[in-house]
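# Chains, contacts and geometry: an overview
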Amino acid sequence: MFRNDSGNKSLLNRILFYIPRFEREQDQNQSDQFDWFRQSNYTEPIESSKTADEAKQPLFDSYYDFLARADSLESQMTTIGSSSSFTSAVSLSVQDDLSMLSSLIDTHLQTNLKIETSKPTAIKSVKLFQKPYYKEKIKGQEVKVTSWRMKEKMKTISAALVLCLNIGVDPPDVIKTVNSSKLMCWINQSAPQLSPQKILEMIGAELHKQYERWQARARYRLCPDPTSEDVKKLCVSLRKNAREERVLFHYNGHGVPRPTINGEIWVFNKEFTQYIPLSLYEVQTWMGTPSIYVWECSNAGLVVQSFLNFEIDREAEFKKQMEETETTVSVMPNFKDSIHLAACASTELLPQHPDLPLDLFTSCLTTPIKTALYWYVTQKNSCQLIPGLTLDLLEKIPGQISDRRTMMGELNWIFTAITDTIAWNLLDSDLFQKLFRQDLLVASLFRNFLLAERIMKSFDCNPVSHPVLPSTNEHALWQSWDLVLDMCISQLPQLFDSGGNQIGEFVSCGFFNQQIEIFELWLKLNVSSEKAPEQLPVVLQVLLSQQHRLKALELLAKFIDLGPWAVSAALSVGIFPYVLKLLSTQPKELRPLLTFIWAKILAVDRSCQAELVKDNGHVYFVQMLSESDVEPEQKVYSAFVLSTLVNDFPTGQKSAKKSHLIAVCSFVLTDETTRDYANVLLRKWICLCLGLSWNKFAEARWEGVRNNAHQLLLKLAADAEAEVRAAALFALGTYIDAGHDKEGTFEQAIEIDSQIVNTLIKSYDCVFLVRKELILVLNNYLNRFKLNESNEYGIHNQNKTNIVFSKAVATLLDLQNDPYPECALLARHVLSQMLHAESQFESAKRKLIKQIESRIVVLSEDKCHMDTGLVAWCSNYFLKPLLASHGPDSDQPLPVNRQIDLYSNEKLDQHCKILYNYKTRRVPHKWTQPSQMEELVQIQHQPYPIHVKFNPNNEQIFVADIQKNVTVYDNLNRTKLLSFSTILAPNSGAKQSAIIRSFKLINTQHEPIVLTGSDDLVVKFFKPDLHNMKQTQLITAFTAFSSIRESTVEAGLIVEWDETNEMLMCAGDTNYIRVWDMNKELYKDYLTGLKSCVSSLSCGDSFTIAGFGNGCVKLFDFRSSSSAVGIVHSDSASSFYSSTPVLHRTGSMYESKHTYSNQLYAHNSFVLKTCVHAHNNTLISCGILGDINVYDLRYMKKSVDKSFNNEKASALECHPFNRLIAVANSTKQNESIKIYNFEGAELSYIKHREGFMGKRLSTVSCIDWNPNSNEILFGSFDNMITIFRKKDNQH
């Protein structure tokens, strides 16, 4: 039995997929096939489960042996594959053959075609509908930004340094060890030559100095050995001066008893003879909020507990008081806005290490580098391990904290990076912002607190903080810190001579280089993770160094390119003020990186625009946009940044106008020969930038008038790229809308607006994105007349605007019935708003509105939403990864900008083209002799089918019926897979009786797309969900023609798809053929030269055959200027029809090569079908009377002298590979299907269905051939769908 049914069926399909390719290759080049076959390991003996003698034999004797085995296997497996359950039993050898043949196919693809078969090969025959607006909803992507901004900036501007030391007298509840430390603030308390009072003053001054290093502008007040009244006066005074800012309260209680459980600390009486308790409740009252407290005493955790309990009591008391007095307050006082740092827990005593200060906790907070060095040396016994190292040398560490080139400066720099990194990795975002970014002094104290926790815990003390921090003392980065300290202190003996003079230069420890390498390695190996690397805060610190800045910016750019989550992570670290400051720098090498980083930041968080404009950062990007030596890809980022700065931000609009942004943008669009103009993204974002810069801002509009911007945008409204056209229309729409301000209401403005609208409504765009923007342009134009401006300009101008006004309304009336639902709904919103505001228009326009009122589908006012979401959707581009992979030898700091499209990758594109050229079609056996047909499948379908199509790469049938439904069947088990209606909305206004006249199945190499053309002149493209069998997507829909002509013979809408050139041909009851270039999504019209309707279209490699209602057949070669060759009636003289384009939207679509000038004979009746058989250079045409003609296109003459069949026909189809014609004859009482070859010989016919007393065929409405076999599919008026095949050979 098969071990995996679905897996083996897939393997079988893959083998059947490739075997015909090898057969064709063998015919084309035998020697090559033998070469690759001999090189494969399938001609060598291999180990297997067979006998030893068999194992010595090669798997295949030759390539022919392989093909023979494949044919035999195919015969077995096709029978098995036809089983719906696919669970038939086969021998193990067949199972092995499956795997073996599949592996051989891989070898061939890799050796000959250089294709990596281990990768998925989802092949797309064309790039049709791969553009983003067909695959995404036109709206902005919702991005969740973590809170990175400080809710309010705060400073600690005052500090009370309360020192209760009582030097020389130990408190009663503290027992000091024999060798306890004598240091306090690194000053010896037991110096015999100094009085206690002098020592106290020195300690106070030193503590003051230490705090000033972290916040120099704060006001520090000493309070040595105070009374409770001293503390009160100081606290009240500081709070009064600080107002709403933060105040620091530092308490050193080494000379007084420990805090009490009643929430009291100790001070002195006036006579200095007693310890006096001071209630924390009172301290809390005097200090107010916000405040920060440092508690340097034993049992300090008890102080924090009591303080927090008092806060709760105060809040409850306040609420109770409010309830009793029945008063309310607008803002509730925040009694809990306090921060605490305590030296130890509530039951712990402070350490007394002889080589470290008694106030070790305070030393960690105020002198972290010195404390860390002393602690590290004493803990590691470094003085014994490093020759010449003494504790005295630690006092001589060279340099200043502010100079990062010195040892002290680098140590402080590294310490800041490490503590920031630890905190950022362990704290949640809000807490990190509050403690490490909101207040400079608080941030410094909490960085140093992390060191204090590590050092104090080494002495079994557990520092306490509020808010509570997670434990950080065992973080891995402390090991890096220890390494840095070790590398620095090992240099000290070499830096100084015996006299203490510096004789050597400090050598950097390379910490930041190592961290940058780690970060770079993470980017290479962990890009799939959405967790930021630990080293991200280190990159922030590296930006401070000019030496490493370029590398740090490059790594930062690569990181934030990973997605919005990465941008949020970078902002939460605090990257914003750094990159803002860098805009004031001049080095050109930073420009591409800075513009990219800013584009990424603003794509995620647009609120940054205020700070950028405030610091004149916009000037930087305007300058980038104006310089000719800047790459267009970099200008794209600048244009996006500037677009964001002026988007719904009047301050940004005014600043941009002063910086001449509109003039710069207009200049970029002036010269079409420049590389800037050639960049599609730049053209699009320049348009959007212009549109946003003058949106609701009349002064900027007139700046645009002076720079002729509206004329440049009108030219781009016919651009080859649909997104550029949409952006140009968006800019023109806001341009018209900006004219409402008082400067824009005079005659010149109205005239310009009318010219714009009159130009735009002359053309039609097949892209719904562009049509939606056109609707908004028309809406803004109609709104220009709501102010009743008739008194401001003459009657003559009123008449001119009335004409354009009426044209705009007429266009909107057409668009309210647009086949694409979103366009129709938007147009109805506009017309409804116009109708609701009818009274605001002047009389002539009110009269027009009254005339067309009955034709408007009125919507309620509250449902009107006039935003297409274009700008937000275009901005999504910058949320995607944009940087190409960067080689190690690249000199470019910023790689080239790439569109994120699977099919834009060059290698994958080449891969797709190769596999497309080797199409995966089964070549059916040739059919040369008459043979009977046998019935395979019969499916009842109601209502009756009018079009049927085989899906050549799957066992599926697509059916379109008379009620405009499309159904997909599995023709193996005859089950319905999917069904959908082509009528998009019951109230769309389209003709409900419109029949699907044309039905095509395209793009079958990738995901089948259904193309329909109906009598209401609408072309629709649907993508059925054949994987999940759920909702079918309408890719796009548009009107093929704006109007048709009256004719006695009507054909409806006839469409043909040219897969090779990605062209859509549309014709019907018109005197021209409209050719849509679906790559550019533009069209050109070609005159047919006949008054009759076009009844059939068929495409060759570079030409199109058209059949007409009068029996004429014409060949069009659209590459040439004279693009039609006449094929006239048999009784007419030879003639030549010249066809020239009606509309010139762009340049010539094809290069002019040649044109045919011979003539062919045609039919005396309505042309039912024309088929081009490209493989045989043959044209088959059939009239409605059933006369079939076969032409040799190489010589432009008949290959069969006389017509054959000559019975009234209802349908005809040619096999795409074999020389076979199937025609359905509809003669009454003689309905049948006949099979002919191209020589006119009848090979078979179908007249009855199979079975006992088989029913006669009803009139056949549609036919299709299976390209992979000789199976014929047809639908008939008796509601049946049937598949027949040649009886003696299933192929």
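Just so you know, these numbers come straight off a predicted model, no measurement behind them. (Residues numbered from 1 in each chain as written. Predicted model: local features only at pLDDT ≥ 70, side-chain atom pairs only at ≥ 80, totals over all residues. Heavy atoms only, no water.)

Moving on, we get to helix 9 (residues 280-287). Listed in full, the buried residues belonging to helix 9 are L280, V283, Q284, W286 and M287. One side of helix 9 holds all its buried residues, which, seen down the axis, span an arc of 165°. For helix 9, the secondary structure elements touched by its buried residues are helix 8 (228-242), strand 5 (246-252), strand 6 (264-268), strand 7 (275-279), strand 8 (291-296) and helix 10 (300-325). Where helix 9 begins, the capping side chain belongs to S279, and its oxygen is found 3.1 Å from the backbone nitrogen of Y281. Looking one or two places after helix 9, you find G288, whose phi comes out positive at around 65°. (Buried < 20%, exposed > 50% of the residue type's maximum accessible area, 1.4 Å probe, protein only. Helix = DSSP H or I, 4+ residues; strand = E, 2+ residues; numbered from the N terminus. Arc of directions from axis to C-beta. Contact = heavy atoms within 4.5 Å. Polar contact = N/O pair within 3.5 Å; in protein donor to acceptor, adjacent residues only side chain to side chain.)

Before going further, it helps to spend a moment on the pattern of salt bridges. Within the structure shown, the criterion is met by 39 salt bridges. One salt bridge connects D420 with R437, and the closest N-O pair in it is separated by 3.1 Å. Note that D420 is positioned in helix 15 (residues 407-426) and R437 in the loop between helix 16 (429-436) and helix 17 (440-457), a separation of 17 residues in sequence. Given the relative accessible area of 1%, D420 is considered buried. (Salt bridge = Lys/Arg side-chain N within 4 Å of Asp/Glu carboxyl O.)

Take unusual backbone geometry next. The linkage connecting T289 with the following residue, P290, adopts the cis geometry, with an omega of 0°. The topology assignment puts P290 in the loop between helix 9 and strand 8. For the bond running from H466 to P467, omega is 5°, close enough to zero to count as cis. We note that N166 has phi near 45°; this positive angle belongs to a residue other than glycine. Mapped onto the elements, N166 comes out in the loop between strand 1 (156-163) and strand 2 (183-184).

With that settled, consider the side chain of S1244. Tracing the sequence through the fold places S1244 in strand 36 (residues 1242-1246). Looking at S1244, its side chain comes within polar contact range of the main-chain oxygen of S931, at 2.7 Å. Residues within four places of S1244 in sequence aside, it is in contact with W927, S931, Q932, M933, I1233, K1234 and I1235.

With six of eight residues buried, helix 34 (residues 709-716) lies mostly within the body of the structure. Of all the positions in helix 34, only A709, H710, L712, L713, L714 and L716 are classed as buried. Looking at the buried residues of helix 34, the elements they touch are helix 30 (661-668), helix 31 (675-678), helix 32 (680-693), helix 33 (698-706), helix 35 (722-737) and helix 36 (747-760).

The next point concerns the packing of aromatic side chains. In total, this model carries 47 aromatic pairs according to the counting rule given. A centroid spacing of 5.5 Å and a plane angle of 10° characterise the contact between F432 and F436, whose relative ring orientation is stacked. Residue F432 and its partner F436 are both found in helix 16; the two are separated by four residues, about one turn of the helix. Using a relative accessible area of 2% as the deciding quantity, one classes F436 as buried. Here a set of aromatic residues connected by ring pairs shows up, and it is made of F129, Y133, Y134, F768, Y820, W873, F1021, F1038, W1076 and Y1083. Its guanidinium or amino end placed over the ring of Y735, R701 lies 4.4 Å from that ring's centre, counting from NZ or CZ. Over the ring of Y1083 we find R1074; its NZ or CZ atom is 4.1 Å from the centre of that ring. (Phe/Tyr/Trp six-rings, centres within 6.5 Å; stacked < 30°, edge-to-face > 60°. Lys NZ or Arg CZ within 6 Å of the ring centre and 35° of its normal.)

A few words on the packing of helix 37 (residues 768-783) against helix 39 (residues 821-836). Look at helix 37 against helix 39: their axes get within 9 Å of each other, and the N-to-C directions meet at 5°. With respect to helix 39, the axis of helix 37 lies roughly parallel. Residues F768, R771, K772, I775, L776, N779 and L782 of helix 37 form the contact with helix 39, whose own contacting residues are E822, C823, L826, A827, V830, Q833 and M834. Broken down by class, the residue content of the contact of helix 37 with helix 39 amounts to nine nonpolar, two polar and three charged. (Axes fitted to C-alpha atoms, helices over the stretch in contact; angles between N-to-C directions. Parallel < 35°, antiparallel > 145°, perpendicular 65-115°, else oblique. Nonpolar A, V, L, I, M, F, W, Y, C, P; charged D, E, K, R; others polar.)

Further remarks concern the sheet that holds strand 22 (residues 1072-1077). What the four strands build is an open sheet, ordered 20-21-22-23; its pairing is antiparallel. For this open sheet the edge positions go to strand 20 (1054-1058) and strand 23 (1082-1087), each flanked by a neighbour on one side alone. Sheet twist, expressed as the mean angle between neighbouring strand axes with direction ignored, is 20°. Where strand 22 lies against strand 23, six bridges are found, and the strand directions are antiparallel. Bridging across to strand 23, V1075 finds its partner in K1084. (Pairing = 2+ DSSP bridges.)

This part takes up the nonpolar core. Counting residues in each nonpolar core, the largest one holds 304 residues, and the members touching the most others are F249, W295, W481, F559, W598, F1021 and L1064. Counting residues in hydrophobic clusters, the runner-up holds 19 residues, among them I1054, M1065, C1093 and F1166. (Core = buried A, V, L, I, M, F, W, Y, C linked by side-chain atoms within 4.5 Å.)

In this section: the packing of helix 27 (residues 617-626) against helix 30. At a minimum axis separation of 9 Å, helix 27 and helix 30 run at an interaxial angle of 25°. Judged by the angle between their axes, helix 27 and helix 30 are roughly parallel. In this structure, helix 27 meets helix 30 at a crossing whose hand is left-handed. Facing helix 27, whose interface residues are V622, L625 and S626, helix 30 presents L661, V664, C665 and V668. (Left-handed = near helix turned anticlockwise from the far one by under 90°.)

This brings us to the environment of F730. In this fold, F730 is placed in helix 35. Between the C-alpha atoms of F730 and G691, which are 39 residues apart in sequence, the distance is 6.4 Å. Ignoring any residue separated from it by four or fewer positions in sequence, one finds F730 in contact with L688, G691, L692, E773, L870 and V871.

As a further point, take the confidence of the model for the protein. For the protein, the mean per-residue pLDDT works out to 80, and 79% of the residues sit at or above 70. This stretch, residues 77-95, has a pLDDT under 50; its non-local contacts, to residues over four places away or in other chains, come to 33 contacts. (pLDDT = per-residue confidence, 0-100.)

Along a regular strand, successive side chains alternate from one face of the sheet to the other. Among the six residues in strand 13 (residues 956-961), six count as buried, and that is most of the element. Burial along strand 13 is two-sided: Q956, F958 and A960 and I957, V959 and D961, pointing in opposite directions, are all buried. Relative to strand 13, strand 12 (residues 945-951) runs antiparallel, the two being bridged by six bridges. Residue pairing in the sheet places F950 in a bridge with I957 of strand 13. Linking two consecutive strands that pair antiparallel, namely strand 12 and strand 13, is a turn of four residues. For strand 13 and strand 14 (residues 965-970), the ladder comprises five bridges, and the chain directions are antiparallel. Looking across to strand 14, one finds that V959 is bridged to T967. Between the antiparallel neighbours strand 13 and strand 14 lie three residues, among them K964 with a positive phi of about 65°.

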